Amino acid sequence: EHYLSPAMRSAAAEYSTDSRGRAPELLHFLKEYHVRGREAEAIQLFQDISRRGQGIGDLVSSSDIDAALMAFSEWKDQGRLGMPALYVSETHKRNFTCFVAKKVRADALQLLKTPVVPGMDQVKIVHPEADPAALRPMAESGWYVPDPPPQVQEEDSANSAAQEWEEYVHPETGASWWWNPRTEEALLSPPPGWTR
């Protein structure tokens, strides 16, 4: 039996009423586990579930899992586009925080200072032709799949607690999530009392 992280259980519940295939969401889980350095664990879990041929109840089919694994392999082959990373520069003898923008050729990636967001003006290029071997995933927890929300403290009133939250939008999925900097909590749905 495999352990499903809180993030995986939370997001599976979030999409349980959606009639579309789950491959895109599963791909985000694989990407999240990749940047956290736990890719092998997630792949093994998905392969074990897929081999049984039953998926995960009514939530995820075996074909969704297979499609996500294939898309993940393609994402890595294409250079891990959109991934937050650290570029270890031998020339400058320092690390640069960056995002993978595109694969320039088989042995080179274009790296940007900020993520690629459609409609956004040109962003600063960190390296126009970086060596993929000098790139390390930045363990940015919650980049592809936000961490599940911790239990809300009962002593906080909904209205005063809602004022402490900030809304963020994932650049790739467009999904909103909320962050409370004081308590370091994240939510996938608006906090109680939230108004724009």
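Residues numbered from 1 in each chain as written. Predicted model: local features only at pLDDT ≥ 70, side-chain atom pairs only at ≥ 80, totals over all residues. Heavy atoms only, no water.

## A short note on the pattern of salt bridges
1) Next: Under the defined criterion, the tally for this structure stands at seven salt bridges.
2) Next: Across the salt bridge formed by E41 and R38, the nearest N and O atoms sit 2.5 Å from each other.
3) Next: E41 gets classed as partly exposed once you look at its relative accessible area, which sits at 40%.
4) Next: Classification of R38 by relative accessible area gives partly exposed; the value is 31%.
5) Next: In this structure, E90 and K93 form a salt bridge, with 3.9 Å as the shortest nitrogen-oxygen distance. Of the two residues, E90 and K93, both sit in the exposed class.
6) Next: One network of salt bridges, with partners in common, ties together R105, D107 and E129. (Salt bridge = Lys/Arg side-chain N within 4 Å of Asp/Glu carboxyl O. Buried < 20%, exposed > 50% of the residue type's maximum accessible area, 1.4 Å probe, protein only.)

## Concerning the packing of helix α3 (residues 39-52) against helix α4 (residues 62-77)
Working note: a packed helix pair is described by the angle between its axes plus the distance between those axes.
1) Next: Two numbers describe how α3 lies on α4: the axes approach to 9 Å, and their chain directions differ by 145°. Here α3 and α4 pass one another in a crossing that is left-handed. Contacts from E39, I43, F46, Q47, I49 and S50 of α3 reach α4 at S62, I65, D66, L69, F72 and K76. (Axes fitted to C-alpha atoms, helices over the stretch in contact; angles between N-to-C directions. Helix = DSSP H or I, 4+ residues; strand = E, 2+ residues; numbered from the N terminus. Left-handed = near helix turned anticlockwise from the far one by under 90°. Contact = heavy atoms within 4.5 Å.)

## Examining the nonpolar core
1) Next: L30, F46, M83, Y87, L111 and L135 are the most contacted members of the largest nonpolar core, which totals 33 residues.
2) Next: Among the secondary structure elements, those contributing two or more residues to this core are α2 (23-35), α3, α4, β1 (84-89), β2 (94-105) and β3 (108-112).
3) Next: Here this core takes seven residues from α2, the largest share from any one element.
4) Next: Not counting the four nearest positions on each side in its chain, L111 is found in contact with Y87, C98, F99, V100, I125, V126, H127, A130 and L135. (Core = buried A, V, L, I, M, F, W, Y, C linked by side-chain atoms within 4.5 Å.)

## A look at the sheet that holds strand β7 (residues 176-180)
1) Next: Reading across from one edge, β6-β7-β8 is the order of the three strands in this open sheet, with antiparallel pairing throughout. This sheet does not close on itself; its edge strands, each paired only once, are β6 (166-169) and β8 (185-187). On average, adjacent strands in this sheet sit at an angle of 30° to one another, irrespective of strand direction.
2) Next: Bridge analysis of β7 against β8 gives three bridges, and the strand direction is antiparallel. Within the sheet, the bridge partner assigned to W179 lies in β8 and is A186. (Pairing = 2+ DSSP bridges.)

## Brief notes about α3
1) Next: Helix length check: α3, at 14 residues, gives a terminal C-alpha distance of 20 Å against a target of 20 Å (1.5 Å per residue), a fit within 8%.
2) Next: Taken as a whole, α3 has its buried residues at E39, A42, I43, L45, F46, I49 and S50. Buried residues of α3, viewed axially, fall in a sector of 160°; they line one side. Opposite the buried face of α3, at more than 90 degrees from it, the exposed residues are A40, R51 and R52. (Expected span 1.5 Å × (residues − 1). Arc of directions from axis to C-beta.)

## Concerning the packing of aromatic side chains
1) Next: Tallied over the full model, the rule gives three aromatic pairs.
2) Next: Between F72 and W75, the ring centres sit 5.7 Å apart and the planes meet at 25°, which makes this aromatic pair stacked. Of the two residues, F72 and W75 are both situated in helix α4; the distance of three residues between them amounts to about one turn of the helix. Residues F72 and W75 agree in their burial class; the two are buried.
3) Next: Ring centres 6.1 Å apart and planes at 85° place the aromatic pair W75 and Y144 in the edge-to-face group. (Phe/Tyr/Trp six-rings, centres within 6.5 Å; stacked < 30°, edge-to-face > 60°.)

These figures come from the coordinates and say nothing about function on their own.
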